[in-house]
Amino acid sequence: MNLSEVRNAISEKKICVLIPTYNNEKTLKRVIDGVLNYTEDIIVVNDGSTDSTKEILRSYSHIEVIDLPENKGKGNGLKIGFRKAKELGYNYAITIDSDGQHYPDDIPVFVEALLNEKEDVLLIGNRNMSQDGIPKKSSFGNRFSNFWFWFETGIKLEDTQSGYRLYPLHKIPKKYFTPKFEFEIEIIVRTAWRHVPVKNVPVKVLYDPAERVSHFRPFKDFTRISILNTILVTITLLYIIPRNFVNNFKKKSIKRFIKEDVLESDGSNRIKAFSIALGVFVGFSPFWGFHTLIVISLAVLFKLNKVLAFFASNVSLPPFIPFIIAASLFLGSPFVHGDSNIFSQELNFDLVKNNLLQYVIGSFILATSASAILGVATFLFLNKVSPDTD
């Protein structure tokens with residue numbers, strides 16, 4: 001795209017460039033001047049800078065400047081900038097850091113990528129983190145972030161920490177819970193949870209120790225990020241994955257579900273059979289209230305099919321619970337000299353409470369037996385109707 005095409009596309013798509021800044025007097029002017037080559041639709045959020053940032057911004061009377069009285073973190077500055085951008089009628093915001101690591105001449109990369117998409121998308125600049133001059137701690141932090149983003153969303157990216165991004169302003173969440181560097185993780189995960197595609201686009205990066213001022217505090221900010229990821233993983237396991245599974249299941253007939261999610265899902269027949277066996281084992285085990293968390297965690301740990309494992313774990317649906325309890329108590333009775341005459345008694349939780357050890361032992365016997373039988377049956381069935389080609 002030539003310069004004129006880029007300018008026209010920015011105007012037609014209603015794209016602004018959002019620059020959060022805090023004490024980056026050495027590089028701020030260069031960044032703004034570079035962006036002005038492509039658009040004057042610029043919003044600068046001065047996050048309580050104490051250097052000459054205010055004086056620098058006074059010379060740009062034709063751009064939108066928001067001066068915050070005190071520094072409250074990059075996330076807070078971005079939230080305020082997004083809110084202002086929507087008030088001014090923009091549909092998209094390209095965010096660029098003011099510390100000089102991003103090249104404004106990569107703006108056309110984002111614009112062209114957006115034009116090639118058929119739907120709204122969140123784009124993240126993919127920096128070459130293996131090039132000379134990139135601090136090892138930054139490279140490690142990026143790989144760490146990439147892994148957890150994949151775990152929480154199922155989307156594999158090469159760079160999730162770059163602040164050079166294009167946001168679809170009307171598709172990102174309206175409320176947020178983090179104010180600092182971890183905000184940029186929260187927003188991409190929660191946007192992906194809203195079924196908005198999140199993709200990488202290639203960008204250049206410059207790390208100049210003489211100019212660059214980083215406000216990242218390794219211990220404090222890494223701790224905050226770790227806490228956030230713990231919360232996001234918990235939400236993923238307890239809500240997002242079950243929600244997506246149920247929604248997908250509702251959209252399909254039983255025949256289509258078996259065809260697409262069982263016969264044509266990822267993994268060999270052996271992997272699929274083990275996934276079913278795992279789900280059945282967890283479903284019959286006495287872990288009431290934690291079945292989903294346990295089965296998804298184990299499926300991820302052992303690299304099994306999460307969908308099949310989750311589906312199979314629902315063998316303990318409410319209508320079957322009385323039969324599961326009865327069978328568990330019956331199977332456990334020989335091992336604790338318990339009462340085997342279970343079926344003549346009223347099945348309730350008091351019976352389980354009074355025979356807890358008998359129930360726990362029996363439930364694990366039931367879980368092991370049922371998972372072995374159904375795992376083998378699944379393997380034989382899949383080998384018959386859809387043999388592995390390897």
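Residues numbered from 1 in each chain as written. Predicted model: local features only at pLDDT ≥ 70, side-chain atom pairs only at ≥ 80, totals over all residues. Heavy atoms only, no water.

> Sorry, what's going on with the packing of helix α10 (residues 269-284) against helix α12 (residues 306-313) here?
Angle between the axes and distance between the axes are the two parameters that describe a pair of packed helices. Between α10 and α12, the shortest axis-to-axis distance is 7 Å and the interhelical angle comes to 35°. By crossing handedness, the relation of α10 to α12 is classed as right-handed. Here α10 contributes K272, S275, I276, L278, G279, V280 and G283 to the contact with α12, which in turn contributes L308, A309, A312 and S313. (Axes fitted to C-alpha atoms, helices over the stretch in contact; angles between N-to-C directions. Helix = DSSP H or I, 4+ residues; strand = E, 2+ residues; numbered from the N terminus. Left-handed = near helix turned anticlockwise from the far one by under 90°. Contact = heavy atoms within 4.5 Å.)

> I keep staring at a nonpolar patch on the surface and nothing clicks. Help me out?
The grouping of I227, I231, I235, L238 and Y239 at the surface amounts to a nonpolar patch, some 470 Å² of accessible area in total. Of note, I235 is situated in helix α8 (residues 218-250). (Patch = residues over 30% accessible without salt bridge, like charges linked within 9 Å, V, L, I, M, F, W, Y side chains within 5 Å. Areas by Shrake-Rupley, 256 points an atom, 1.4 Å probe, with all protein chains shown as cover. Salt bridge = Lys/Arg side-chain N within 4 Å of Asp/Glu carboxyl O.)

> Would you take a moment to explain the pattern of salt bridges for this structure?
Oppositely charged side chains can pair when the atoms bearing their charge come close. Tallied over the entire structure, the rule returns 13 salt bridges. Residues K171 and D120 are paired through a salt bridge, measuring 3.5 Å at the closest nitrogen-oxygen approach. Here K171 is found in the loop between β6 (165-168) and α7 (183-193), whereas its partner D120 is found in the loop between α5 (107-115) and β5 (122-126), with 51 residues between them in sequence. Across the pair R190 and E186 runs a salt bridge, and its minimum N-O distance is 2.8 Å.

> Honestly, the packing of aromatic side chains in this entry has me stumped. Any pointers?
Given two aromatic rings, one states the distance between the centres and the angle between the planes to describe the pair. Within the structure shown, the criterion is met by 12 aromatic pairs. Judged by centre distance (4.9 Å) and plane angle (75°), the ring pair of F147 and W148 falls under edge-to-face. On the basis of relative accessible area, F147 is assigned to the partly exposed category, the value being 40%. Ring geometry for W148 and F151: centres 5.7 Å apart, planes at 65°, overall edge-to-face. In this pair, W148 and F151 both sit in helix α6 (residues 136-153), 3 residues apart, roughly one turn of the helix. By the ring-pair criterion, three or more aromatic residues cluster together here, those being F144, F147, W148, W150 and F151. Its guanidinium or amino end placed over the ring of Y103, K204 lies 5.2 Å from that ring's centre, counting from NZ or CZ. (Phe/Tyr/Trp six-rings, centres within 6.5 Å; stacked < 30°, edge-to-face > 60°. Buried < 20%, exposed > 50% of the residue type's maximum accessible area, 1.4 Å probe, protein only. Lys NZ or Arg CZ within 6 Å of the ring centre and 35° of its normal.)

The values reported here are purely geometric and, on their own, carry no functional implication.
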